Structures are given as structure tokens and as C-alpha cells.
Amino acid sequence: MSREDLLQKTILLCATVGSGTLVVGIFLLMLHLGWPLLISGQFFSLLLQEWRPADNLYGIYPMLLGSTVISLLALLIGLPISLGTAFATTVVAPPWLRSASLALIRYMAGIPTVVYGFVAVFFLVPFMREQITGGSGLNILSAALVLAILIAPTMVIFFVNGLSGVAKTYSLAVDALGGTPVQKLLYLLLPQAWPALTAGTVMGLGRAMGDTLISLMVAGNSIAVPGAVTDSARTLTAHIALVIAADFAGMEFMSIFSCGIVLYLFTVLFVSVIRLTSKTRND
Amino acid sequence: MRNFFATLTVLCAIMISGAAVHAADLDAFTGQSGTLKIAGGTAHIPVMKDAAQAIMEMNSEIRITIAGGGSGVGIKQAGEGLIDIGNSGREATSQELETYGLTMIRWAIDGVSVVVNPKNSVQALSSVQLRDIFAGRLTNWQEVGGEDRPINLYTRDEASGTRNVFWTKAIGKEAIDTKANVVVSNGAMKTAVANDPYAIGYVSVGHIDETVAAVTLDGVTPSIATVKSGDYKVARGLFSLTKGEPQGLAKLFIDYLLSPSGQAIVAAKGFIPVK
């Protein structure tokens, strides 16, 4: 191996190990900062309690529920839209429409989150308030709708790549057998492109779960345990953003490390579940 | 940890603050040098940052660090001599003043006003009605003479000084309905209330403009004038405390806050000057 090769390999290896270590390192840091909570046994009670600092309750149960419901609902809305868009773009659309819609989707993926947030606050929220949910319009449904739009471009890009990767000969064979486009999607493209579809879904869910600004601006941030999608709710990420201004020595501030740990573990859990189920599907 | 945040705050102060240099009031700092440590109430920070910026720009031999921590921390650390100036958004109790031998200086007043959307026909409430609304006992505007629409509550996070003064002085520490929406700042509160015709919230008096309507409470309209005269009760002083009489840089800094340039910063940050 030449010296140049060795150098290149070392640089690439360093980059890989570096980013991998960073992910683990962040987790360890959060574990370290949240350690006093963990050893005092308060950590698990925090997961089930409500957040009422005036009564010395620093639980994050409402936020846990808020994060889960908002991100899953966003995925539920975003996934069919993205899958449909990807399928229409790759299979049904004529070439000019295909490139135009792809360009649009790539552009959408680059729009800053705060822009979606602003549009939602000034258009979606009043619409929700007056026409659909009543109340203030700041609720789980509004946040999930905006997040669905936010995560759709990422998912569409993954799906399009996956669907375009399916061998042309298979596609022609389905056409030759007289298969309809829907049959082609269900029996050829979806099973063949499964790994890319999984990856896209994981990315989408991760973005929905990790997004802070949209839920902070649109979900309402109430500390009550949400009972319906029309209720105002607070996500873990928004909670961290809201509480970080509190007294550094106080229990309020300590409790946000538990939010961080939980958020990290939840993301890992969701991703693993999707990865595992997709593996069984592939075998 | 606290040191880290203090350093961060100062770095932010240096980067964010605009230059507001009024040379004459800064003359006292000529030839001075040393470090001045300030911590405590977070409501004070915007004014502190601008004042520190102006002083440090004029004389680079002076280093001023500003940290948060809350009013309790400000009083305690000033008393124990850990910092030179402790900030507090509430008056220190006579016990605290005696135990530590503290001197308390008020350099601004912060009033908190209840606000509703300008379209709302209800623009006057009694304190009993206000308490019932925020506790979640009155849930429809009709019950206080308005439209037949649910009341949308907006509040601030627990770390907010504005929330603290509202909670203590406007609604008598009644627990705020957990279903209330929570916004992150006075600015966000104004936007939320300006956009929601059925909203009720509260902001620092300095933030009120034509996009929101200030609610008359028990017959008193909150304004800079009524807060100054003491007729509007939902207000508090912004205080700085020193152990013993202020001396050296701490004295110069507090004198600067009370000077015309210092009071101009106070007014620019939405508080009411005391001079």
C-alpha cells in the first residue's frame, strides 16, 4: 500500500471513528450530568410524574406522551403522502414532471424550520382555531401536520432513490404481464425497495422526534397530560428549551437531563424497532 | 458549571450588545481597573449586559462578568461575598438584609400587565375574575361579559420573572391551570395574544403596543404612569444588592445604572426608570 493510500485510509477511518465516538460520547455526557437523578432513584419516578414545580413535582410524563404522540402522528400523516409522492414521481409521472417535482422536493428539504413555524402560526393555527379544533389552535394536530410537511421531503428523497434503484427489467416484466401501476407498487417496488423505505422512515421519525422549534411554536406547550389531539401539549425538546433558563442549581434544571436521556433512548428504541421489523420482512 | 455559564453570558454580552456610549457618565471609570462579578436575577441581565458592554468598551482594564441564577442566588451570593453585586427581582427580606448587612438599590421598575386581543370586547376585569380565569374556573368569555367563546390561556415558563410577579401580585399565587399554553418570552406572548382573538396573557408593561390591549384591573389601567404613581400594583422593583455600602467598582457600576445613560438603557430594555 502506498503512503498516500495509507494516509487517505487513516483520514477516513478517523472521521468514522470520530463521529461514532461523538454519538456515544454525547450519551455518556448526558448520563454523567443526569447521574445524581439516576442514583437517587428519582429518574424512574420522573418518567411517571407530572410537572408541577410549585408542588416539587418535576416529572416529564406529559412531555414524554406529547413527544411520542406528535412524532408518531406526524409520521402517520407524512408517510402515505411521501410514499405516494415518491411513487407518482418515479413511476406515473412523465419525465418533465418528474424532474420538476424532484427539484421542488429537494428545495423543500432546504427550507429552514422556522419558516414552516411562522407560516403555521399565522395561517394554520387561526384556521384550526376557527374551523376545526376550536380552542387556541395550538395543539397536537397542528404540530403534527406541520411536522408531517417538514419530514416529507427527507422521506420522499429516500423513497425515490429506493424506488429508482429497482431493476428496470423487473418493471418491464410486470408491464408485460399486464400488471397495473398499483400492482407494480405493491408486489414489486415496495418489497424490492424495502431497505430504502425503512431508512427514509427512520430518518423522518428521527427528525419529527428531534424537532424543537415547530412544537415550541405550534403545539402550545401546556403542561397538562394531553387527552386528545386537539389538546395543547409539550414535547421533550420544547420542555428542554423552556426550562434551560431556570436556576442552574435547581431541580428544574437537573430534570432536563432526564429529558435528554429519555429523548436519546426513545430515538434509539424507535430506530431499533423499525430496523428489526424491516429485517424480518427482508428475510 | 456556573463559571462556564458566566463566561458564556459575558461572551454573549460582548457579541450581541450594541454600542451605547454616553461618554460623560462613563468618566468615573477612567483609570479604574479590576474585575466586577455580578449574578442573580435574570430579568436584570439585558440592562446589565448593555451597561457592562459600554463600560468595558470605554475602559478595557475593567472586566465585568454577569451570571444568572435567580433572585435568591443573587441575594445569597452577594451576602456571602462571592460576588460584588447580587441582582434580585424581589425586595430582600428584612432578615436577609440584617443577616448579611446588605444594601439594596432599586434602579428600575418592571410592571406586568394583563393583555387581551384588541378585538376582545372585555378589556376590564376584577382581580377575582382574573384569578378565576387563570385557575381555570372561568372558561368562557361570556362569563365575564364577552363573546360565547372559550378563553385561551397563555402563560410563561417557571423561570420567567414576569410570570413570578404576575403569579404573586395579580392572582395571589393561585395555581395556573395546567392546560394553559406556554410561551417563551414577552415577545412571544405578545405575538400569541395578537394572533388569538380569544386569548388572555400577561406581558411586561414596556412591551405593550397597539397589537395587544392592556386590561384594566380593578379600575386601574396599567401604564408607565400608573405604575410610577403606585396605583397599579402588579409591579416590582429591579434591585441590586451589595454587602455593606457599595464600594469601588460596584459603587461606580450602580452609579452608572442610576445615571442618565444607565436609565436610558433601563428604558430601552422596556423597564421603567426610577429617575
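Definitions and limits used
Residues numbered from 1 in each chain as written. Chains lettered and ligands numbered in written order. Predicted model: local features only at pLDDT ≥ 70, side-chain atom pairs only at ≥ 80, totals over all residues. Heavy atoms only, no water. UniProt positions renumbered as here; feature names shortened; annotations may be inferred. Helix = DSSP H or I, 4+ residues; strand = E, 2+ residues; numbered from the N terminus. Buried < 20%, exposed > 50% of the residue type's maximum accessible area, 1.4 Å probe, protein only. Contact = heavy atoms within 4.5 Å. Areas by Shrake-Rupley, 256 points an atom, 1.4 Å probe, with all protein chains shown as cover. Lys, Arg positive; Asp, Glu negative; His and termini not counted. Charge placed at Lys NZ, Arg CZ, Asp CG, Glu CD. 1 Å grid on protein atoms, 1.4 Å probe; cavity = no way out; pocket = protein on both sides within 12 Å on 5 of 7 lines; lining within 4 Å. Points joined across faces, edges and corners; volume = space filled by probe spheres on them. Nonpolar A, V, L, I, M, F, W, Y, C, P; charged D, E, K, R; others polar. Core = buried A, V, L, I, M, F, W, Y, C linked by side-chain atoms within 4.5 Å. Axes fitted to C-alpha atoms, helices over the stretch in contact; angles between N-to-C directions. Parallel < 35°, antiparallel > 145°, perpendicular 65-115°, else oblique. Left-handed = near helix turned anticlockwise from the far one by under 90°. Domains from an automatic or database assignment. Buried area = accessible area lost by both parts, 1.4 Å probe. Salt bridge = Lys/Arg side-chain N within 4 Å of Asp/Glu carboxyl O. Polar contact = N/O pair within 3.5 Å; in protein donor to acceptor, adjacent residues only side chain to side chain.

Per an unreviewed UniProt entry, chain B goes by Phosphate ABC transporter substrate-binding protein, PhoT family (TC 3.A.1.7.1) and derives from Desulfofustis glycolicus DSM 9705.

Per an unreviewed UniProt entry, chain A goes by the name Phosphate ABC transporter membrane protein 1, PhoT family and belongs to Desulfofustis glycolicus DSM 9705. As recorded by UniProt, the Subcellular location (unreviewed entry) comment attached to chain A reads in full: "Cell membrane". Taken from UniProt, the Sequence similarities (unreviewed entry) comment for chain A reads in full: "Belongs to the binding-protein-dependent transport system permease family. CysTW subfamily."

Q: Kindly report on the overall build of chain B, identifying the contributing residues and their values.
A: When helices and strands are tallied, chain B shows eleven helices and twelve strands. Taken along the three principal axes of its C-alpha coordinates, chain B extends 65 × 40 × 35 Å. Considering chain B as a whole, with its 275 residues, one finds that 54% of them fall into the buried category. Expressed as a percentage of contacts within chain B between residues at least 6 apart in sequence, the contacts between residues at least 24 apart total 75%. For chain B, the computed accessible surface area is about 11,600 Å², with 52% contributed by carbon and sulfur atoms. Looking at charge distribution, chain B has the averaged site of its 24 positive side-chain charges lying 3 Å from that of its 26 negative ones.

Q: Got a sec to walk through empty space enclosed by the protein? Specific residues and values, please.
A: Residue and element names in this part refer to chain A. For the structure on display, the rule yields one cavity of 30 Å³ or more. The calculated volume of the largest cavity comes to roughly 40 Å³. Every residue lining the largest cavity is listed: Ser67, Ile70, Ser71, Leu147, Ala208, Met209, Asp211, Ser215, Thr235 and Thr237. Contributing elements (two or more residues each) for the lining of the largest cavity: helix 4 (61-92) and helix 10 (194-210). Among the elements that make up the lining of the largest cavity, the one with the highest residue count is helix 4 (three residues). For the lining of the largest cavity, the class distribution of residues is four nonpolar, five polar and one charged.

Q: For the nonpolar core, give the residues involved together with the corresponding values.
A: Leu130(B), Ile133(B), Phe134(B), Phe166(B) and Ile200(B) are the most contacted members of the largest nonpolar core, which has 106 residues in total. With twelve residues, helix 7 (residues 140-164) of chain A is the single largest residue contributor to this core. Ranked by size, the runner-up nonpolar core spans 32 residues in total, among them Ala52(B), Ile85(B), Leu249(B) and Phe271(B).

Q: Residue-level account of the packing of helix 7 of chain A against helix 10 of chain A, with values.
A: Residues and elements named next belong to chain A. Two numbers describe how helix 7 lies on helix 10: the axes approach to 8 Å, and their chain directions differ by 160°. As judged from the angle between their axes, helix 7 and helix 10 are roughly antiparallel. Between helix 7 and helix 10 the crossing geometry is right-handed. Across the interface between the two elements, Leu147, Leu150, Ile151, Thr154, Met155, Phe158, Phe159 and Gly162 of helix 7 pack against Ala196, Leu197, Ala199, Gly200, Thr201, Met203, Gly204, Arg207 and Ala208 of helix 10. A class-by-class count of the residues in the contact of helix 7 with helix 10 yields eleven nonpolar, five polar and one charged.

Q: Break down the domain arrangement of chain B for me, citing the residues and quoting the values.
A: Residues and elements named next belong to chain B. Under the domain assignment used here, chain B contains domain 1 (33-108 + 237-273) and domain 2 (111-235). Taking only C-alpha atoms into account, the centre of domain 1 sits 29 Å from that of domain 2. Opposite the four residues of domain 1 that make contact, domain 2 presents six residues. Between domain 1 and domain 2, the buried area comes to about 440 Å², and carbon and sulfur atoms account for 65% of it. Among the residues of domain 1 in contact with domain 2, Thr42, Gly270 and Ile272 are the three that bury the most area, contributing 73% of the side total. Inspection of the domain 1/domain 2 interface yields zero salt bridges. Scanning the region where domain 1 abuts domain 2 turns up zero residue pairs in polar contact (both at pLDDT 80 or more). For the side of domain 1 that touches domain 2, the per-class residue count stands at two nonpolar, two polar and no charged.

Q: Just give me the short version of the pattern of salt bridges, but keep the residues and values in it.
A: What the rule picks out here adds up to twelve salt bridges over all chains. With a shortest N-O distance of 3.4 Å, Asp175(A) and Lys184(A) are connected by a salt bridge. On the accessibility criterion, Lys184(A) (9% relative accessible area) is buried. Across the pair Arg137(B) and Glu174(B) runs a salt bridge whose closest N-O atoms are separated by 3.2 Å. Of the two residues, Arg137(B) is situated in the loop between helix 6 (127-135) and strand 6 (152-156) and Glu174(B) in the loop between helix 7 (161-170) and strand 7 (181-183); the sequence distance between them amounts to 37 residues. Residue classification places Glu174(B) among the partly exposed positions, given a relative accessible area of 24%. Members of the salt-bridge network, linked through shared partners, are Arg129(A), Glu130(A), Arg149(B) and Asp196(B).

Q: Go over the side chain of Ser204(B) with me, naming the residues and quoting the values.
A: Residues and elements named next belong to chain B. For serine 204, the location among the structural elements is in strand 8 (residues 199-204). One polar contact links serine 204 to aspartate 110, side chain to side chain, over a distance of 2.9 Å. Setting aside its immediate chain neighbours within four residues, serine 204 contacts Asp110, Gly111, Val112, Thr162, Asn186 and Gly270.

Q: Give me unusual backbone geometry: which residues, what numbers.
A: Here Asn221(A), not a glycine, exhibits a phi torsion of approximately 60°, which is positive. By secondary structure assignment, the location of Asn221(A) is in the loop between helix 11 (213-218) and helix 12 (236-243). In this structure Asn221(A) comes out as buried when scored by relative accessible area, which is 1%. Even without glycine at this site, Lys173(B) takes up a positive phi of about 60°. Using a relative accessible area of 51% as the deciding quantity, one classes Lys173(B) as exposed.

Q: Explain the UniProt feature "transmembrane region" (unreviewed entry) in chain A to me, using residue names and the numbers behind them.
A: As recorded in UniProt, the feature "transmembrane region" (unreviewed entry) lies at residues 12-39, 59-92, 104-128, 140-164, 185-206 and 253-274 of chain A. The distance separating the terminal C-alpha atoms of residues 104-128 of chain A is 27 Å; by composition the span is 88% helix and 0% strand.

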